[in-house]
Amino acid sequence: MEVFNQSMVAEFILLGLSDHPKLEKTFFVLILLMYLVILLGNGVLILVTILDAHLHTPMYFFLGNLSFLDICYTTSSIPLVLDGFLTPRKTISFSGCAVQMFLSFAMGATECVLLGMMAFDRYVAICNPLRYPVIMSKAAYVPMAISSWVAGGANSLVQISLAVRLPFCGDNVINHFTCEILAVLKLACADISINVISMGVANVIFLGVPVLFIFVSYTFILTTILRIPSAEGRRKAFSTCSAHLTVVIVFYGTILFMYGKPKSKDPLGADKQDLADKLISLFYGVLTPMLNPIIYSLRNKDVKVAVWNLVGQKCLAQGL
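Just so you know, these numbers come straight off a predicted model, no measurement behind them. (Residues numbered from 1 in each chain as written. Predicted model: local features only at pLDDT ≥ 70, side-chain atom pairs only at ≥ 80, totals over all residues. Heavy atoms only, no water.)

*Asks:* Go over the overall build of the protein chain, please, and point to the residues and values.
*Replies:* Assigned secondary structure in the protein chain consists of 12 helices and three strands. Counting over 320 residues, the protein chain shows a buried share of 44%. For the protein chain, the proportion of contacts with a sequence separation of at least 24, taken over those separated by at least 6, is 81%. Approximately 16800 Å² of the protein chain is accessible, and the part contributed by carbon and sulfur atoms is 71%. (Helix = DSSP H or I, 4+ residues; strand = E, 2+ residues; numbered from the N terminus. Buried < 20%, exposed > 50% of the residue type's maximum accessible area, 1.4 Å probe, protein only. Contact = heavy atoms within 4.5 Å. Areas by Shrake-Rupley, 256 points an atom, 1.4 Å probe, with all protein chains shown as cover.)

Right under this line is the structure:
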């Protein structure tokens, strides 16, 4: 409890769209609909990967983890965002802010590692198909998934522990929809160089390393696919990893768009850019989790069949 007592700030005020009240109701409806699609789509994917025996394979085990991760990630922040759209004074306690930051940071880091694990699974399936059952046995893929969650949680624990130890003795207004860690660190009345260095190292480990691993894996995968003599064989081989590759491109593409776009130097446009940055960050938090089940449903025949079987069984049960 010493960590929290040393701070003079008991709560934070979340600005959200306070300066644009006319937009709040519109975005409430839009984000709520997207959140419901996330819950429904990822919930169905989790159900089919559990109930359909044909999907009891490493690839779909990882997919079930990814869907559960997306539900956890959005649930850690979207209800707070929705409440903020309807509440005149948007506040969150210091401890509540810390918990929300921990969950969001943990889920984000875990997803980066999990996507790397899924790339390795596709590499073994295509480049070493005969050894796939041995390499990707249950004794291997379950610990791989668990290690993704543990690594993401441990990284988040380190980052948030360093953040909450900082003194917050002045401004308590967060110019964001949620307790985004960078926005919170700006409010600290102390040197945050350790936090910046720590987050930089974490970004290399949890963003850079998985991206490099995925790139190398798909280099070998594409090389192997191009060596397949028949066009039908190449098509079938590529179809087994096309959904994962699409998810990776969407996930890292939105990150690069968010943090790689140039900043405007026009002071008159600072407010507009600030609003745009907040909205881009908000939609990034719901866009990828919403698209993941859609991508896997459209680009994966096994998932489509499993979903239709689940719907058919439900309709049949209701008819009886």
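So much for the structure itself; the text now carries on.
*Asks:* Give a description of helix α3 (residues 58-75) that names residues and reports values.
*Replies:* For α3, spanning 18 residues, the distance from its first C-alpha to its last is 26 Å, which sits close to the expected 26 Å at 1.5 Å a residue. With 14 of its 18 residues buried, α3 lies for the most part within the structure. (Expected span 1.5 Å × (residues − 1).)

*Asks:* Requested: an account of the sheet that holds strand β3 (residues 173-174), with residues and values cited.
*Replies:* Pairing in this open sheet of three strands is mixed, and the strands run β2-β1-β3 from one edge to the other. Both edges of this open sheet fall to β2 (91-93) and β3, since each of them pairs with a single strand only. Both strand β1 (residues 11-14) and β3 contribute to a ladder of two bridges, which runs parallel. Its bridge partner lying in β3, Ile 13 is registered against Val 173. Here helix α5 (residues 94-127) sits on the sheet and contacts β1, β2 and β3; the angle it forms with β2, its principal contact strand, is near 85°. (Pairing = 2+ DSSP bridges. Axes fitted to C-alpha atoms, helices over the stretch in contact; angles between N-to-C directions.)

*Asks:* Report on the state of the cysteines, specifying residues and quantitative values.
*Replies:* Tallied over the full model, the rule gives one disulfide. Two residues, Cys 97 and Cys 179, share a disulfide whose sulfurs are 2.1 Å apart. Linking Cys 97 and Cys 179, the disulfide has an S-S dihedral of approximately -130° and is accordingly described as left-handed. With a gap of 82 residues between them, Cys 97 in helix α5 and Cys 179 in the loop between β3 and α8 (181-185) connect regions that are remote in the sequence. Look at Cys 97 and you get buried, because its relative accessible area is 1%. (Disulfide = S-S within 2.5 Å.)

*Asks:* I'd love a proper account of the nonpolar core, names of residues and values included.
*Replies:* If you look at the biggest cluster of nonpolar residues, it comprises 47 residues, and the most contacted ones within it are Phe 62, Leu 115, Tyr 252 and Tyr 296. Among the secondary structure elements, those contributing two or more residues to this core are α2 (21-51), α3, α5, α7 (138-164), α9 (193-226), α10 (231-260), α11 (270-299) and α12 (301-319). Contacts of Phe 62, omitting those with residues within four sequence positions, involve Leu 114, Met 117, Met 118, Asp 121, Met 136, Tyr 141, Met 144 and Ala 145. (Core = buried A, V, L, I, M, F, W, Y, C linked by side-chain atoms within 4.5 Å.)

*Asks:* Outline the packing of aromatic side chains, listing residues and values.
*Replies:* Applying the stated rule across the entire model yields 11 aromatic pairs. Taken together, a centroid distance of 5.8 Å and an interplanar angle of 70° make the contact between Phe 85 and Phe 177 edge-to-face. In this pair, Phe 85 sits in helix α4 (residues 78-86) while Phe 177 sits in the loop between β3 and α8, placing the two residues 92 residues apart along the sequence. Classification of Phe 85 as buried rests on a relative accessible area of 2%. By way of ring pairs, the aromatic residues Phe 120, Tyr 123, Phe 213 and Phe 220 are connected into one cluster. (Phe/Tyr/Trp six-rings, centres within 6.5 Å; stacked < 30°, edge-to-face > 60°.)

*Asks:* Could you give an account of the pattern of salt bridges, with specific residues and numbers?
*Replies:* Pairing is possible between side chains of opposite charge, provided their charged atoms come close. Considering all chains together, one arrives at three salt bridges under this definition. Where Glu 24 meets Lys 90, a salt bridge forms, and the shortest distance between an N and an O atom there is 3.2 Å. Of this pair, Glu 24 sits in helix α2 while Lys 90 sits in the loop between α4 and β2; the two residues are 66 residues apart in sequence, bridging distant segments of the chain. Taking the relative accessible area as the measure of exposure, Glu 24 reaches 9% and is therefore buried. (Salt bridge = Lys/Arg side-chain N within 4 Å of Asp/Glu carboxyl O.)

*Asks:* Quick one: what's the story with the packing of α5 against α9, residue by residue and with numbers?
*Replies:* Remark: α5 packs on α9, axes separated minimally by 9 Å, with the N-to-C direction vectors making an angle of 20°. In terms of their interaxial angle, α5 and α9 are classed as roughly parallel. In this structure, α5 meets α9 at a crossing whose hand is left-handed. Every residue of α9 that contacts α5 at Phe 105, Ala 109, Cys 112, Val 113, Leu 115, Gly 116, Ala 119, Phe 120, Arg 122, Tyr 123, Ile 126 and Cys 127 is listed here: Met 199, Phe 206, Leu 207, Pro 210, Phe 213, Ile 214, Ser 217, Tyr 218, Phe 220, Ile 221, Thr 224 and Ile 225. Residue composition of the contact of α5 with α9, by class: 20 nonpolar, three polar and one charged. (Parallel < 35°, antiparallel > 145°, perpendicular 65-115°, else oblique. Left-handed = near helix turned anticlockwise from the far one by under 90°. Nonpolar A, V, L, I, M, F, W, Y, C, P; charged D, E, K, R; others polar.)

*Asks:* Please set out the pairing of β1 residue by residue, giving values where relevant.
*Replies:* Across three bridges, β1 lies against β2 in antiparallel orientation. Following the sheet pairing, Glu 11 is matched in β2 by Ser 93.

*Asks:* I'd like to hear about a nonpolar patch on the surface, residue by residue, with values.
*Replies:* On the surface, a nonpolar cluster with roughly 450 Å² of combined accessible area is contributed by Ile 197, Val 201, Val 204, Ile 205 and Val 209. For Val 201, the position within the fold is in helix α9. (Patch = residues over 30% accessible without salt bridge, like charges linked within 9 Å, V, L, I, M, F, W, Y side chains within 5 Å.)

*Asks:* Run through the confidence of the model for the protein chain, naming residues and quoting values.
*Replies:* For the protein chain, the mean per-residue pLDDT works out to 83, and 88% of the residues sit at or above 70. Scored below 50 in pLDDT, residues 1-7 shows 10 contacts in the model against residues more than four places distant or in partner chains. Within the model, pLDDT remains below 50 along residues 265-270, and this stretch shows zero contacts once partners closer than five positions in the same chain are excluded. (pLDDT = per-residue confidence, 0-100.)

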